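# Structural overview
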Amino acid sequence: MNNCFAESSVGYIISGYGSSTSKELYQKVGEAYKNHGIDPVYVEIDWSSNDINDYLAQAESYIESNGGDNRFFYGFSMGGLIALVLPQSPEVKHIIVSSVTPFFRENIDPLPWYSLQKIYYWWLFGDSKSVSLSKAVSDLNFNNSKVTLLVGSREKDIVLTNTKTIARLLDDSNMQIIDNAGHGISEPGHLDVIIKSISK
């Protein structure tokens, strides 16, 4: 007899900027969730707005539609940033972030106005103050969310530094550096580590 009161578990998968969760490697992340009894939801972001608040709103609409008594997030690069700063709730049990993009306010504000990274950020996303690492960390710690941070050993220094900073600030985090991997879910060993990190 089916238990109509059984808790539902949903895993939300968010790709990197400009990409799509319809790609094979993201589908494999979904299959790994399924193997743990977690229903995958592939969050398809329309990246054309170049507005981080719009990306967050799109992701939130998927959560509102699909819910989940127990929620799990996986995000790559910009998708990882989105996963970290989404409004947290007690239902969020585990967040896995790969190669989180260094576009938090704390990364951008100290840079001189003529920095290419700062100019690129403002061109791409506008007001960097809309994405605060300290607020995201505070919300995650308050919610007691478990966070797994994955980063390749051949990533740019700023990505490695950003990942280490997030790991240091979070109460319940695990950081793993993937040997010989650069910035990409298709990099050697990256997908294997993601799959091994998934648990209910």
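Residues numbered from 1 in each chain as written. Predicted model: local features only at pLDDT ≥ 70, side-chain atom pairs only at ≥ 80, totals over all residues. Heavy atoms only, no water.

### Quick look at the overall build of the protein
Scanning the protein from N- to C-terminus turns up eight helices and six strands. Counting from the amino terminus, the protein carries its helices and strands in the arrangement β-α-β-α-β-α-β-α-α-α-β-α-β-α. Reported as C-alpha extents along the three principal axes, the dimensions of the protein are approximately 65 × 35 × 35 Å. Within the protein, buried positions represent 52% of all 200 residues. Counting only contacts in the protein whose residues sit at least 6 apart along the sequence, the fraction spanning at least 24 positions is 64%. For the protein, the exposed surface amounts to about 9,900 Å²; the carbon and sulfur share of it is 50%. When the 16 basic and 23 acidic side-chain charges of the protein are each reduced to a single mean position, those positions are 5 Å apart. (Helix = DSSP H or I, 4+ residues; strand = E, 2+ residues; numbered from the N terminus. Buried < 20%, exposed > 50% of the residue type's maximum accessible area, 1.4 Å probe, protein only. Contact = heavy atoms within 4.5 Å. Areas by Shrake-Rupley, 256 points an atom, 1.4 Å probe, with all protein chains shown as cover. Lys, Arg positive; Asp, Glu negative; His and termini not counted. Charge placed at Lys NZ, Arg CZ, Asp CG, Glu CD.)

### Describing a nonpolar patch on the surface
A contiguous nonpolar patch, built from Tyr 17, Tyr 120 and Trp 123 and spanning about 370 Å² of accessible area, is present on the exposed surface. Structurally, Tyr 120 can be placed in helix H5 (residues 116–125). (Patch = residues over 30% accessible without salt bridge, like charges linked within 9 Å, V, L, I, M, F, W, Y side chains within 5 Å. Salt bridge = Lys/Arg side-chain N within 4 Å of Asp/Glu carboxyl O.)

### Regarding the layout of surface pockets
A water-sized probe, rolled over the atoms, reveals where empty space remains. As a volume, the largest pocket reaches approximately 350 Å³. Lining the largest pocket are 16 residues, and of these Thr 101, Pro 102, Phe 103, Lys 156 and His 183 sit closest to its centre. For the lining of the largest pocket, the element with the most residues is H5, which contributes four residues. (1 Å grid on protein atoms, 1.4 Å probe; cavity = no way out; pocket = protein on both sides within 12 Å on 5 of 7 lines; lining within 4 Å. Points joined across faces, edges and corners; volume = space filled by probe spheres on them.)

### Digging into the confidence of the model for the protein
Overall, the predicted model of the protein reaches an average pLDDT of 88, with 94% of residues at or above 70. Averaged pLDDT values for the elements of the protein fall to 77 in H5 and rise to 98 in strand E2 (residues 39–43). (pLDDT = per-residue confidence, 0-100.)

### So, the packing of helix H1 (residues 24–35) against helix H8 (residues 190–197)
Contact geometry of H1 with H8 gives a least axis separation of 9 Å together with a crossing angle of 25°. Classified by the interaxial angle, the pair formed by H1 and H8 is roughly parallel. Viewed along their axes, H1 and H8 form a crossing whose handedness is right-handed. Residues Leu 25, Lys 28, Val 29 and Ala 32 of H1 form the contact with H8, whose participating residues are Leu 191, Ile 194 and Ile 195. Classifying every residue of the contact of H1 with H8 gives six nonpolar, no polar and one charged. (Axes fitted to C-alpha atoms, helices over the stretch in contact; angles between N-to-C directions. Parallel < 35°, antiparallel > 145°, perpendicular 65-115°, else oblique. Left-handed = near helix turned anticlockwise from the far one by under 90°. Nonpolar A, V, L, I, M, F, W, Y, C, P; charged D, E, K, R; others polar.)

### Considerations on unusual backbone geometry
You will see that Asn 50, though not glycine, has its phi angle at about 50°, which is positive. Following the sequence through the fold, Asn 50 ends up in the loop between E2 and helix H2 (52–66).

### Describing H2
With 15 residues, H2 extends 22 Å between its outermost C-alpha atoms, agreeing within 8% with the 21 Å of an ideal straight helix rising 1.5 Å per residue. If you check which residues of H2 are buried, you get Ile 52, Tyr 55, Leu 56, Gln 58, Ala 59 and Ile 63. Looking down the long axis of H2, one finds its buried residues gathered within 160° of arc, a one-sided arrangement. Those residues of H2 that are exposed and angled more than 90 degrees off the buried face are Glu 64 and Ser 65. Capping of H2 at its N-terminal end is provided by Asp 51; its side-chain oxygen lies 2.9 Å from the backbone amide nitrogen of Asn 53. Where H2 terminates, the next one or two residues include Gly 67, which has phi positive at roughly 55°. (Expected span 1.5 Å × (residues − 1). Arc of directions from axis to C-beta. Polar contact = N/O pair within 3.5 Å; in protein donor to acceptor, adjacent residues only side chain to side chain.)

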